[in-house]
Amino acid sequence: MTEDVVDKVLFKCEGLPEFNEFTPQRIEKEFPSILEKLNSDFNNIEIKFSSLINNEKLNWENIMQPLNKINEELRWSWGVISHLNSVKNSEELRNVYAKLLPHVINLGNKFGQSKIIYKALKTLRENNNFDVTKNRILDKEIIDMEHSGISLSESDQKSYNTISERLGELSTKFSNNVLDATNKWHLILDNKSQVKGLPERVLELMALSAQRHLKKDGDIDSQSGPWKLSLDIPTYTAFMSYAEDSSLREKLYKAFVSRASEGDENNSQIIEEILSLRTKQAKLLGYDSWADLSLSTKMAGKINSVEKLLEELREPSFKAAELELENLNNFANKNGFNDDNQLKPWDISYWSELLRKEKLNLDQEALRPWFPLEDVLQGLFRLCEKLFDIKVVEANGEAPVWNEDVLFFNIFNNSNNKIASFYLDPFSRPESKRGGAWMDECLNKNIDSEGNKIVPVAYLVCNQTPPSKNKPSLMSFDEVQTLFHEFGHGLQHMLTTIDLPQAAGINNVEWDAVELPSQFMENWCFDKKTLLNIARHYETGEKLHDEDYEKLCANRTFNCGMGTLRQLHFAITDLRLHSNLTSYQELNSDEIRRDIAKNTTLIPPINEDKFLCCFSHIFAGGYSAGYYSYKWAEVLSADAFSMFEEAGLENDQEIKDIGKNFKETILSLGGSLPPLEIFKLFRGREPKTDPLIRHLGLKATS
Ligand SMILES: [Zn+2]
């Protein structure tokens, strides 16, 4: 470089990104040349592969390494941009991102739909005797390409593409309808009695949106209204939980469950068309149903295995829910509810909150002073040091960051070798950072072309309460659990021992097994020893009281039967809608759902309830024939945790031994072996549902 250029290379495609150099302007200027380079690299790969195929000279090194290199370069450079788009958003960056995205998708499609690469992978797989890990990597690449239609005859491929396009349109239409129907409905309330029972923060929210809606200026008055009632989730859930006016709750409930089921925004026909096109597409690819197609690349594998697991949970949940509903009915009747003595769907949340308050008297906000971020982190690190024999050391300043709040840490093994690093971006910044929490890969464990070992680096992103002028960040208990959850994902990424990047960490881990380490870590928040070790008042140093700990545990299982049953209703409906069952052939999807409701709900859905019309997870998101995964992974993580419980959580030596085993199997082996095999290596047997049933408190009530 000449001396007047002080800028560092932006897209170096290796090492830690120079975050302070990435501006929207530079991204816009410099990323296109990366795309060009990757494009021409890819063309060269195809030429080289063709000659390798013709000369029958394919091996792992000359096929998989160039593919990995090009994929990694794309992942690295686009990864930084999408990361910044999520954590340091601005209008400029958003525009640049939107402009570049279609080119990135195009390039990805070019990789994924290359017949030459497909042929090279197939030939490599058929002519070699690789170990199980390499075979798994190849099989995954091959099946992904096949599922996008690459091996179909020309005419089938044409129908496949037409269906894909149509499915894309339909799911966009589906989610637009949900959005429009949700936004369209509202009520302006101006009588104080209509909002009785609502907490101040909800009144403020509703008064603010009324002011915007009515385009009024001046100060808002949360006490005298008017208030806008609407179907967005925060308003809806708060109103259903706290509003005393049951006729308004009824109105709101009916509007909510009938969203997108009539008029211009009716999704009913879209649902039928999506289901029938999915079946067609699955059949083109050689599967009996969309569920068979979806499960072919998942840990569950077969429809029957999912049905069996869901049924094992359904039975105890149903019994527990029956008792919970009876209790709730009794409580409501004793406290002045008198409407045929039977609670209606729009009464459940309201009376549950009153019962929760009477039974638990848990004030989550008041517990925040016991969870300052610094102490929670130290407690989390101590736990991981004990369980996994690692050391987490703060290394702020060692890596460029994208915001001054971002922390940086290194992880060392017991011989003091650095094995991983991670960024932690803990606080919410609504103006520039996406909501929610997630773990993402910054660098994958790898060996570079010069033979140097690259240690994995993770991004851990949360959205917890920031510190204020005179207070540190005081976390809610939910925020503590979220941090443990994301750290669990991070551990799988960072403690991997697999050197092939395609199967290291979370790579190549089946979709329904990916939440195992994260949910596993959440369990430790309910371990008394761990929690009391963490929770100290940030001013007085006082320990969390035993009764507060008990309340947090009781809250975890409060009305869990009803909650679980609801999740199972969704999961079973999703699975069966996509299974082409002969018994359902004459029924439309709403009728199928109502049939399933017979043993997955206690109060049958009312006529207005057209819940499927806004089930975006499965009709507009990636969860079709996969909604069960939430429960599937919960079963695995609860069962893994139960091994520690069986040894006795206070028994340090045993816990260390089991922790070492957990690290050497589930955290180390990533996607190198089938997930069931890894689970069995840890647990010594197949997974069981009993521990989850116990954790959810579904046995105690029967
Ligand atoms: Zn997760």
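This one's a predicted model, so the numbers in the text were calculated from it and none came from an experiment.

Parameters and conventions
Residues numbered from 1 in each chain as written. Predicted model: local features only at pLDDT ≥ 70, side-chain atom pairs only at ≥ 80, totals over all residues. Helix = DSSP H or I, 4+ residues; strand = E, 2+ residues; numbered from the N terminus. Rg over C-alpha atoms; globule rule 2.2 N^0.38 Å. Buried ≥ 20, exposed ≤ 12 C-beta atoms within 10 Å, placed from the backbone. Domains from an automatic or database assignment. Contact = placed C-beta atoms within 7 Å. Nonpolar A, V, L, I, M, F, W, Y, C, P; charged D, E, K, R; others polar. Core = buried A, V, L, I, M, F, W, Y, C linked by C-beta atoms within 7 Å.

Enquirer: If you had to explain the overall build of the chain to someone new, which residues and values would you point to?
Expert: Within the chain, the secondary structure is distributed over 25 helices and nine strands. For 702 residues, the compact-globule formula gives about 27 Å, and the C-alpha radius of gyration of the chain, at 27 Å, lands near that figure. Once the C-alpha set of the chain is aligned to its principal axes, its extents read approximately 85 × 65 × 60 Å. Residue burial in the chain is summarised as follows: out of 702 residues, 38% are buried.

Enquirer: Give a detailed account of unusual backbone geometry, specifying residues and quantitative values.
Expert: Residue P226 is reached from G225 by a cis peptide bond, and omega for that bond is 0 degrees. Non-glycine residue C13 carries a positive phi angle of around 60 degrees. Residue position: C13 is located in the segment before helix 1 (24-54). C13 sits in the partly exposed class, given 18 other C-beta atoms within 10 Å.

Enquirer: Which residues make up the domain arrangement of the chain, and what are the values?
Expert: Assigned domains within the chain: domain 1 (19-151), domain 2 (185-252) and domain 3 (367-557). Spacing between the C-alpha centres of domain 1 and domain 3 amounts to 30 Å. Facing 15 residues of domain 1, the contacting portion of domain 3 comprises 16 residues. Those elements giving two or more residues to the side of domain 1 that touches domain 3 turn out to be helix 2 (60-87) and helix 5 (132-147). By residue number, the principal contributor to the side of domain 1 that touches domain 3 is helix 2, which donates six residues. Class assignment of the residues belonging to the side of domain 1 that touches domain 3 gives a composition of four nonpolar, seven polar and four charged.

Enquirer: Account for the nonpolar core, with residues named and values stated.
Expert: F371, V376, F422 and L460 are the most contacted members of the largest nonpolar core, which totals 153 residues. The dominant element in this core, judged by the number of residues it contributes, is helix 2, at ten residues. Lining this core are residues from two domains, each supplying at least three of them: domain 1 (19-151) and domain 3 (367-557). Counting residues in hydrophobic clusters, the runner-up holds 19 residues, among them A210, F239, L252 and W346.

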